[in-house]
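Residues per chain, in single letters:
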Amino acid sequence: QVQLVESGGGLVQAGGSLRLSCTASGLTFTNYAMGWFRQVPGKEREFVAGISRGGGNTQYTDSVKGRFTISRDNGQRTVSLQMNNLKLEDTAVYYCAAGNAGRFMVAGPSQLRYDFWGQGTQVTVSS
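Cut-off values and rules
- Residues numbered from 1 in each chain as written.
- Predicted model: local features only at pLDDT ≥ 70, side-chain atom pairs only at ≥ 80, totals over all residues.
- Heavy atoms only, no water.
- Pairing = 2+ DSSP bridges.
- Helix = DSSP H or I, 4+ residues; strand = E, 2+ residues; numbered from the N terminus.
- Axes fitted to C-alpha atoms, helices over the stretch in contact; angles between N-to-C directions.
- Core = buried A, V, L, I, M, F, W, Y, C linked by side-chain atoms within 4.5 Å.
- Buried < 20%, exposed > 50% of the residue type's maximum accessible area, 1.4 Å probe, protein only.
- Contact = heavy atoms within 4.5 Å.
- Disulfide = S-S within 2.5 Å.

In this section: the sheet that holds strand E7 (residues 68-73). The four strands lie next to each other as E1-E3-E8-E7, forming an open sheet whose pairing is antiparallel. Edge strands, defined here as strands with exactly one partner in the open sheet, are strand E1 (3-7) and E7. In this sheet, neighbouring strand axes are inclined to one another by 15° on average, regardless of whether the strands run parallel or antiparallel. With six bridges connecting them, E7 and strand E8 (residues 78-83) associate as antiparallel partners. For Asp73, the partnering residue across the bridge sits in E8 and is Thr78.

Judged by nonpolar contacts, the single largest core of 28 residues is most densely connected at Trp36, Leu81, Met83 and Tyr94. Among the secondary structure elements, those contributing two or more residues to this core are strand E3 (18-25), strand E4 (33-39), strand E5 (46-51), E7, E8, strand E9 (92-99) and strand E11 (121-126). For Met83, the residues in contact, after removing those within four places along its chain, are Gly16, Ser17, Leu18, Leu20, Arg67, Phe68, Tyr94 and Val123. Judged by nonpolar contacts, the second largest core, of seven residues, contains Ala33, Phe47, Ala97 and Ala101.

Glancing now at the state of the cysteines. Per the counting criterion, the structure on display carries one disulfide. Two residues, Cys22 and Cys96, share a disulfide whose sulfurs are 1.9 Å apart. Here the disulfide of Cys22 and Cys96 is right-handed, its torsion about the S-S bond being about 40°. With Cys22 in strand E3 and Cys96 in strand E9, the pair connects residues that are 74 residues apart, well separated along the chain. When its relative accessible area of 0% is taken as the criterion, Cys96 is described as buried.

Purely geometric stuff here, so don't read any function into it on its own.
Written as structure tokens, this is what we have:
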């Protein structure tokens, strides 16, 4: 049974930082590109960041470039999202996902490319 379990969410003031982690089990982690998505009530879930199987390639949505960093530790089967200089508009439920992509590719923003999803972790940024 595949499980992706997110952790690290919480309440933070604008300008602060949080680090999200996602631990995978039940799958061959190195076979999957990984991604982070987020969703606010009433809106579509949106792509935030993605990373290739080996970690050598990354992709970010424009609104988080320069503030967020995605990384992975294949030995620990984890993918992380370091979020700095958080803004009110970053408030959302954040999900990690395991997706299909070529060996050196990121899976990208299409949710159809992702086979497995975590349950999500809430990030709330306050003023």
